[in-house]
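Secondary and tertiary structure notes
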Amino acid sequence: MDVFLQILVAGFLKGGLYALIGIGMTLIMGVMGIINLAHGQLMMVAMYVTFVLHSFFGVDPYLSLFVAMPALFLLGVVIQKYLLNPLIKAETILPENQVLMTVGIGMVLTEVIRFIFKSDYKSVTTSYTGATFFLGSISFSWALVVAFGIAVAFTVAMFFFLIKTDLGRSIRATAQDKDAAILMGVNTRRITVITFGLGTALVACAGTLLVPVYYVFPDLGGPFTAKAFIITILGGLGSTVGAIFGGVTLGLAESLGATYLGMEYEDIVGLTIFVLVLLFLPGGFKRLTKV
Amino acid sequence: MRIVRKGLIGIFVLVMASFLCGAASAAEPIKVGVVLPLTGSMAKFGEIERRSFEMALEEINAKGGVKGRKIELVFEDDTGKPDVGRSAVEKLISRDKVPVVTGGYSSAVVAAAAPVAHQLKVPFVICTGAADDVTEKGYEYVFRINPTASEYPEATKSFLKGVAKVKTAVILYENTQFGQSSSKAFEEDCKELGIQVLMKEGYSAGAIDFKPLLTNVKAKNPDLIYMVSYVLDASLLIRQAKELDINPKLFVGGAAGFTLPEFQMSAGPAAEYVFSATLWTPNLRDKDYPGAKKYFDNFRARYKSDTEYHGAEAYASMYVVADALKRTKSFTPKDVRDALAATNMKTAFGPVKFISYGKKTQQNKLPTYLVQWQDGKLETVWPKDVATKKALYPTPKWSARK
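Residues numbered from 1 in each chain as written. Chains lettered and ligands numbered in written order. Predicted model: local features only at pLDDT ≥ 70, side-chain atom pairs only at ≥ 80, totals over all residues.

1. Describing the overall build of chain B
The following threshold applies: Counting from the N terminus, the helices are DSSP H or I runs at least four residues long and the strands are E runs at least two residues long. Here the globule rule is a power law, 2.2 Å times the number of residues to the power 0.38, and the radius of gyration is based on C-alpha atoms. Three exposure classes are used, all based on how many other C-beta atoms lie within 10 Å of a residue's own C-beta (placed from the backbone): buried at 20 or more, exposed at 12 or fewer, and partly exposed between those limits.
Within chain B one finds 12 helices and 16 strands. Since a compact globule built from 402 residues should have a radius of gyration of about 21 Å, the 21 Å found for chain B is in line with a globular shape. Looking at chain B residue by residue over its 402 residues, the buried ones come to 55%.

2. A short note on the overall build of chain A
Short version of the rule: Throughout, a residue-residue contact means that the two C-beta atoms, derived from backbone geometry, are no farther apart than 7 Å.
Per the secondary structure count, chain A includes 12 helices and two strands. Here the C-alpha atoms of chain A give a radius of gyration of 19 Å, agreeing with the 19 Å that 2.2 N^0.38 yields for 291 residues. Each principal axis of the C-alpha atoms in chain A carries an extent, and together these give about 60 × 45 × 35 Å. Residues classed as buried in chain A amount to 52% of the 291 residues present. The long-range share in chain A, meaning contacts at least 24 apart out of those at least 6 apart in sequence, stands at 77%.

3. Observations regarding the interface of chain B and chain A
Selection rule: Under the convention adopted here, Pro, Cys and the residues Ala, Val, Leu, Ile, Met, Phe, Trp and Tyr are nonpolar, Asp, Glu, Lys and Arg are charged, and Gly plus all remaining residues are polar.
Each side of the interface is counted separately: chain B has 31 residues, and chain A has 30 residues. Elements with a contribution of two residues or more to the side of chain B that touches chain A: α2 (43-62), β7 (196-203), α7 (211-220), α8 (231-243) and α9 (261-267) of chain B. With six residues, α7(B) is the single largest residue contributor to the side of chain B that touches chain A. Per-class residue counts for the side of chain B that touches chain A are 11 nonpolar, 11 polar and nine charged.

4. Overview of the packing of helix α1 (residues 2-32) of chain A against α7(B)
Under the convention used in this document: In this analysis, axes come from line fits to C-alpha atoms, helices being fitted only over the stretch in contact, and the angle between any two N-to-C directions falls in the range 0 to 180 degrees. Here roughly perpendicular refers to angles of 65 to 115 degrees, roughly parallel to angles under 35, roughly antiparallel to angles over 145, and oblique to all remaining angles. Here is the rule for handedness: rotate from the far helix to the near one, and if that takes an anticlockwise turn smaller than a right angle the crossing is left-handed, while a clockwise turn gives right-handed.
Close contact between α1(A) and α7(B) brings their axes to 10 Å; oriented N to C, the two are set at 160°. Considered as vectors, α1(A) and α7(B) are oriented roughly antiparallel to each other. With respect to the hand of their crossing, α1(A) and α7(B) are arranged in right-handed fashion. Contact residues: V3(A), Q6(A), I7(A) and A10(A) in α1(A); K211(B), P212(B), T215(B), N216(B) and A219(B) in α7(B).

5. A short note on the sheet that holds strand β16 (residues 377-382) of chain B
Residue and element names in this part refer to chain B. Just so we agree on the cut-off: Criterion used throughout: strands pair if DSSP finds at least two bridges between them.
The strand order β7-β6-β8-β9-β10-β15-β16 describes an open sheet built from seven strands, whose pairing is mixed. Two strands close off the open sheet at either side, each with one partner strand: β7 and β16. Across this sheet, the average inter-strand angle for adjacent strands is 25°, counted without regard to direction. Strands β9 (250-253), β10 (275-278), β15 (369-374) and β16 of the sheet are contacted by helix α5 (residues 154-162), whose axis makes an angle of about 75° with β15. Helix α6 (residues 177-193) rests against β6 (168-174), β7 and β8 (224-228) of the sheet, and its axis sits at about 170° to β6.

6. Points about α7(B)
For α7(B), the tally of buried residues reaches eight of 10 residues, placing the bulk of the element in the interior. Residues of α7(B) that are buried include every one of K211(B), P212(B), L213(B), L214(B), T215(B), N216(B), V217(B) and K218(B), and no others. Residues of α7(B) that are buried make contact with α1 and α10 (240-260) of chain A together with β6, β7, β8 and α8 of chain B. Just downstream of α7(B) lies N221(B), where phi reads positive at about 50°.

7. A word on the environment of V116(B)
Looking at where V116(B) falls in the secondary structure, it is placed in helix α4 (residues 107-120). By the C-beta count within 10 Å, which is 21 here, V116(B) ends up buried.

8. Looking at the pairing of strand β12 (residues 350-353) of chain B
Residue and element names in this part refer to chain B. Two strands pair when backbone bridges link them, and strand β11 (residues 344-347) and β12 are joined in this way by four bridges, in the antiparallel orientation. Directly across from M345, in β12, lies its bridge partner V352. The turn joining β11 and β12, which pair antiparallel and follow one another in sequence, is formed by two residues.

9. A short note on the packing of α10(A) against helix α11 (residues 266-280) of chain A
All names here are of chain A. Interhelical geometry of α10 versus α11 gives an angle of 135° and a closest axis separation of 8 Å. As the angle between them shows, α10 and α11 are arranged oblique. Read as a crossing pair, α10 and α11 show a hand that is right-handed. Each of L250, A253, E254, G257 and A258 in α10 lies in contact with α11, whose residues at this interface are E266, V269, G270 and I273. Taken together, the residues of the contact of α10 with α11 sort by class into five nonpolar, two polar and two charged.

10. Let's talk about the environment of I7(A)
Residues and elements named next belong to chain A. When you line up the elements, I7 lands in helix α1. By C-beta crowding, I7 is classed as buried, having 22 other C-beta atoms within 10 Å. For the pair I7 and L252, spaced 245 residues apart in sequence, the C-alpha separation works out to 7.9 Å.

11. A word on the domain arrangement of chain B
All names here are of chain B. The condition is simple: Domains are outlined according to an automatic or database domain assignment.
Each assigned domain of chain B is listed here: domain 1 (28-147 + 285-363) and domain 2 (151-278 + 368-400). Facing the 13 residues of domain 1 at the interface are 14 residues of domain 2. Here the residues of the side of domain 1 that touches domain 2 are counted per class, giving six nonpolar, two polar and five charged.

12. Notes on the confidence of the model for chain A
Condition: For every residue, the pLDDT score states the predictor's confidence, bounded by 0 at the bottom and 100 at the top.
For chain A, per-residue confidence averages 87 on the pLDDT scale, and 97% of positions sit at 70 or higher. Helix α2 (residues 39-57) of chain A holds the highest mean pLDDT among the elements of chain A, 94, whereas helix α12 (residues 286-289) of chain A holds the lowest, 67.

13. Details of the environment of G257(B)
Residues and elements named next belong to chain B. Positionally, G257 belongs in the loop between β9 and α9. With 25 C-beta atoms counted inside 10 Å, the residue G257 sits in the buried group. The sequence separation of G257 and S235 amounts to 22 residues, and the corresponding C-alpha distance is 8.4 Å. Not counting the four nearest positions on each side in its chain, G257 is found in contact with S229, Y230, V231, D233, A234 and F263.

14. Points about unusual backbone geometry
Residues and elements named next belong to chain B. Of the consecutive residues W382 and P383, the connecting peptide bond is found in the cis state with omega at 0°. Here P383 shows up in the segment after β16. Cis peptide bonds are those with omega within 30 degrees of zero, and the linkage from Y393 to P394 qualifies with -5°. Despite not being glycine, N221 has its phi angle at roughly 50°, a positive value. Residue classification places N221 among the exposed positions, given that 12 C-beta atoms sit within 10 Å. One non-glycine residue, D245, adopts positive backbone phi at about 60°.

15. Some points on helix α3 (residues 65-89) of chain A
The α-helix winds at 3.6 residues per turn, so residues separated by three or four positions along the chain end up facing the same way. All names here are of chain A. Using the following cut-off: The span one expects for a helix is its residue count, reduced by one, times 1.5 Å. Here the bend at each residue means the angle between axes fitted to two seven-residue stretches, the one ending at that residue and the one beginning there.
In this model, α3 (25 residues) spans 35 Å end to end at C-alpha, consistent with the 36 Å of a helix rising 1.5 Å per residue. For α3, the principal kink sits at Q80 and spans about 35°. For α3, the complete set of buried residues consists of L65, A68, M69, L72, L75, G76, I79, Q80 and L84. Among the structural elements, α2, α4 (97-117) and α8 (188-210) are those in contact with the buried residues of α3.

16. As for the confidence of the model for chain B
Residue and element names in this part refer to chain B. Mean pLDDT over chain B: 88, with 93% of residues reaching 70 or higher. By mean pLDDT, helix α1 (residues 2-22) is the weakest element of chain B at 53, and strand β4 (residues 124-126) is the strongest at 96. Note on residues 20-25: pLDDT is under 50 here. Beyond four places in sequence and across chains, it has two contacts. Interface confidence for the predicted complex, given as ipTM, is 0.80, next to a pTM of 0.80.

Right, dumping it as structure tokens:
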């Protein structure tokens, strides 16, 4: 029983971070109708920002959220405005130009970071790295619990932002029907720029929260892009609530699979669920929740 | 960054110099190919080895090189991937026309590159890649200086026999050729020592959360946890074992990640008391390991960072290759191969002699050692005659530590 509870806790905590990674991607997906394949790489850049702030200026990783998120928001805005939006105009054979562009951006980001920092593994060790508290015999890692709390806070804030504010409504309108949104006077071009920035800032947040418990190196982006993609599909493209469910499901499934099937199968479990959802529940959890 | 730039400028100057004067003089340098992971996830090890190769090269060239000619190293990056390593060796042999290739860090890369050397009949002196089967295929042109993965736990075994008499063990390993080879060997050692293996499980490198694995380990409550991991998986494993409050009598690492300074930096105080197998330490007797201490001190003085067994392997490898080039009749790959086969010398990494035993051919045989992290330093604790500190055993519970 202890084993089961411990795994549930571990999976849930990891799922919170996954949700945050997924929400960023699903937002971009909803508004622009493309999968952002540089998502994990952008997260990696945020992790390096946090690493630099910590090792050169001694800034606590949680405080560096206030730098990493705005910085990545700006990077996202620049990418959308100057690299992705111009592609809409260009007539080409391939309709998914912007997706290909994101692949390229991902590679450039990885190599630029490699050029600056080399391939070394970097890690940030803080006083709370490895700090734990126990409830009964179940161990909770402080860093992950805090990360989970912040992830939930951002998710809830995001939710209210989308439902209650003017800008949030414009984003949802653009996601639902771009042409109608334009007719209603929404500047959709500006909306896409802001959305990409927001999505990037959210994944930057996830990256920063991950730094104290994980490590950083340039090739880290790829696997996380894949994870974000799985979460987005699980949750249903473009659905915020779906991404939360998707993230937690993936976290739990990986942990349970790793425990009861073997750690070697951790990734296989996630991918199997991915395929099953595509087969039997195309559209993801969004179909069940309708949000 | 600065070092890279300096290195690049250095290489550039060297290349220019060799163009300008090399062409004119008869004594062109002899090219030796080196394949190492200079980028990618294993780049840290590649860097230590490259620096060690360069140190040895300078020493050899300062003493006049071989047969009045200088040696020049041609580095190729294998990025830690087998396919890239394979083509890197092909390129060294066919384009750069080197008479001998050395280096070879990861087991997977070495396993892919060795058949190339064998087919193209150019000797390949492996300095690190340890998966057993590489020297079990009878490749005539493949030599290996380091012991095979299955021999890494030798010192651990005798330590378990002599000091830490445990009853149960759990084996965790990275699911790669090296991990499988090492863990299988240790499992057999356990059987021999009468230690019951409660669990043996692989994992794929780069996981964020090892808790599922470690929770199972905790439920089994073993006396010994043996781990075969690269550097950051190693530190995550130890950190999370601490988080879950797992208290075996000893944690033992199967070399690779556990001896690097980065492991201690990233794991912090959790690294204390962790044992690891190793192939080399700087305080070995000069009789069999001439220059070991000197190499260690020079490296530290020059690069302001520590070196460990991987570097020593590379350093010794350069000397072995130079020695063969001195003895060879001509610089054709065939003659160099024959010279290598007759190698019998002592290096900073230990005596080197390529012998056949069991299924293996042209394999060097060396003893291994056991080290332990004590007060942030890597101390040799076994065998007793080379120990710098007494082994701290059993490991105190996490809650009893400061």
